[in-house]
Amino acid sequence: MLTALANTLPHFRHTNSGQFFLMAGPCVIEGEDMALRIAERIKHITDKLQIPFIFKGSYRKANRSRLDSFTGIGDETALRILQKVGREIGVPTVTDIHESSEAALAAEFVDVLQIPAFLCRQTDLLIAAAQTGKVVNIKKGQFLSGEAMQFAVDKVHQSGNEHVILTERGNSFGYSELVVDFRNLPAMRRFGVPVVMDVTHSLQQPNQASGVTGGQPALIETIAKAAIAVGADGLFIETHPTPATALSDGANMLPLDQLEALLGKLTRVRDAIRPTGGIDPQGLEA
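Residues numbered from 1 in each chain as written. Predicted model: local features only at pLDDT ≥ 70, side-chain atom pairs only at ≥ 80, totals over all residues. Heavy atoms only, no water.

1. Digging into the overall build of the protein
Part 1: A tally of regular secondary structure across the protein gives 9 helices and 13 strands.
Part 2: Going through the 286 residues of the protein one by one, you find that 54% of them count as buried.
Part 3: Restricting the contact set of the protein to residue pairs at least 6 apart, pairs at least 24 apart contribute 69%.
Part 4: For the protein, the accessible surface area stands at approximately 11900 Å², while carbon and sulfur atoms represent 49% of it. (Helix = DSSP H or I, 4+ residues; strand = E, 2+ residues; numbered from the N terminus. Buried < 20%, exposed > 50% of the residue type's maximum accessible area, 1.4 Å probe, protein only. Contact = heavy atoms within 4.5 Å. Areas by Shrake-Rupley, 256 points an atom, 1.4 Å probe, with all protein chains shown as cover.)

This is the structure:
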């Protein structure tokens, strides 16, 4: 399933290694030095383990709980930093967009446009993202089944863009918890698109009385292992050198110094379940 991505994304390496791919980086771009340092470290680790890597960073956070929450350092400033990361580190980049008017602007600077989970049914947004010709990563809504994401895929395809990724990020369970139904991964893979497990966001504890989202980072390894075991094509992991000081979503991020050990374990899980005849456990071409 990575063949199409490899042909579309610049600097997308190790796609013949048989490993899952990784979308990783900070929740939001906090500054140029921070972004470059994180990207360089992840690039070093993923090259060592032969994991295809896409650098992730939001140029603006549009869905914060409180008005006084950090939203970004300025749209164009952050987008230019993402562009610099892509060029200097030599990796593809991904960022979120929230309105259809943002698609063309963001597409000038990054390689993948990401549709937030709450917005996955927004037709105008999906069409605008599709029409840029960029890869479109659609996060599954917390309120949807995997099967229901067929319609989001169709909107992008019918807008003339075949380059779609779907990302699972948990389902709402009550008011302030998320649970992962791993049946959604094979369900979405049946659409013939790569499927990613958003490990860190699926461990959020949203809608806290404080207005600050909580998280359960101790379970990152558990969710990631399970996702690889059931056939996820990729993982999405937000990471930061010091999550406690991160300006967004620090409560559920992985400390950067723990990433290499985690990915090492996950590559061994992938090796253990890797099919030998070109057919994966869900019956799709590997």
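So, next bit.
2. Observations regarding empty space enclosed by the protein
Part 1: Counted according to the given criterion, the structure contains 1 cavity of 30 Å³ or more.
Part 2: Here the largest cavity defines a volume of roughly 60 Å³.
Part 3: As for the largest cavity, its lining consists of H11, F12, R13, H14, K43, T46, D47, I51, P52, F53, G90 and V91.
Part 4: In terms of residue count, helix 2 (residues 32–49) provides more of the lining of the largest cavity than any other element does, 3 residues in total.
Part 5: A breakdown of the residues in the lining of the largest cavity according to their chemical character gives 5 nonpolar, 4 polar and 3 charged. (1 Å grid on protein atoms, 1.4 Å probe; cavity = no way out; pocket = protein on both sides within 12 Å on 5 of 7 lines; lining within 4 Å. Points joined across faces, edges and corners; volume = space filled by probe spheres on them. Nonpolar A, V, L, I, M, F, W, Y, C, P; charged D, E, K, R; others polar.)

3. Side note on the packing of helix 2 against helix 3 (residues 75–90)
Part 1: Helix 3 packs onto helix 2 with a crossing angle of 35° between their chain directions and a minimal axis gap of 10 Å. You can see that helix 2 and helix 3 cross each other, and the crossing is right-handed. Together, E32, A35, L36, A39, E40 and K43 of helix 2 and I81, K84, V85, E88, I89 and G90 of helix 3 make up the contact between the two elements.
Part 2: Taken together, the residues that form the contact of helix 2 with helix 3 break down as 6 nonpolar, 1 polar and 5 charged. (Axes fitted to C-alpha atoms, helices over the stretch in contact; angles between N-to-C directions. Left-handed = near helix turned anticlockwise from the far one by under 90°.)

4. Considering the confidence of the model for the protein
Part 1: With 90% of its residues at a pLDDT of 70 or more, the protein shows a mean pLDDT of 91.
Part 2: Here residues 281–286 is modelled with pLDDT under 50, and outside its nearest four sequence neighbours on either side it reaches 14 contacts, counting other chains as well. (pLDDT = per-residue confidence, 0-100.)

5. Describing the packing of helix 2 against helix 9 (residues 259–273)
Part 1: Running from amino to carboxyl end, helix 2 crosses helix 9 at an angle of 25°, the nearest separation of the two axes being 10 Å. One way to sum up the angle between helix 2 and helix 9 is to call them roughly parallel. Classified by chirality, the crossing of helix 9 by helix 2 is right-handed. Across from R41, I42, I45, T46, K48 and L49 in helix 2, the residues of helix 9 making contact are L259, E260, L263, G264 and T267.
Part 2: Class assignment of the residues belonging to the contact of helix 2 with helix 9 gives a composition of 5 nonpolar, 3 polar and 3 charged. (Parallel < 35°, antiparallel > 145°, perpendicular 65-115°, else oblique.)

6. With respect to the nonpolar core
Part 1: One finds F55, I138, L166 and L235 to be the most contacted residues of the largest nonpolar core, which totals 68 residues.
Part 2: Per-element tally for this core: the top contributor is helix 2, with 7 residues.
Part 3: L5, F21, V112 and V196 belong to the second-largest nonpolar core, a separate cluster that totals 13 residues. (Core = buried A, V, L, I, M, F, W, Y, C linked by side-chain atoms within 4.5 Å.)

7. Considerations on the side chain of T167
Part 1: Tracing the sequence through the fold places T167 in strand 6 (residues 164–168).
Part 2: At 2.7 Å, the side chain of T167 forms a polar contact with the side chain of N137.
Part 3: Each residue touching T167, except ones within four places of it in the same chain, is listed here: N137, I138, K139, K140, M188, V196 and D198. (Polar contact = N/O pair within 3.5 Å; in protein donor to acceptor, adjacent residues only side chain to side chain.)

8. With respect to the pattern of salt bridges
Part 1: Evaluation of the coordinates by the stated rule reveals 17 salt bridges.
Part 2: Between K140 and E168 there is a salt bridge whose closest N-O contact spans 3.4 Å. Of this pair, K140 sits in the loop between strand 5 (135–139) and helix 6 (150–157) while E168 sits in strand 6, placing them 28 residues apart in sequence.
Part 3: For E168, a relative accessible area of 0% translates into the label buried.
Part 4: R189 is the salt-bridge partner of D233, the closest N and O atoms lying 2.8 Å from each other. One end of the pair, D233, is in the loop between helix 8 (220–229) and strand 12 (234–240); the other, R189, is in helix 7 (residues 184–189), and 44 residues separate them in sequence. (Salt bridge = Lys/Arg side-chain N within 4 Å of Asp/Glu carboxyl O.)

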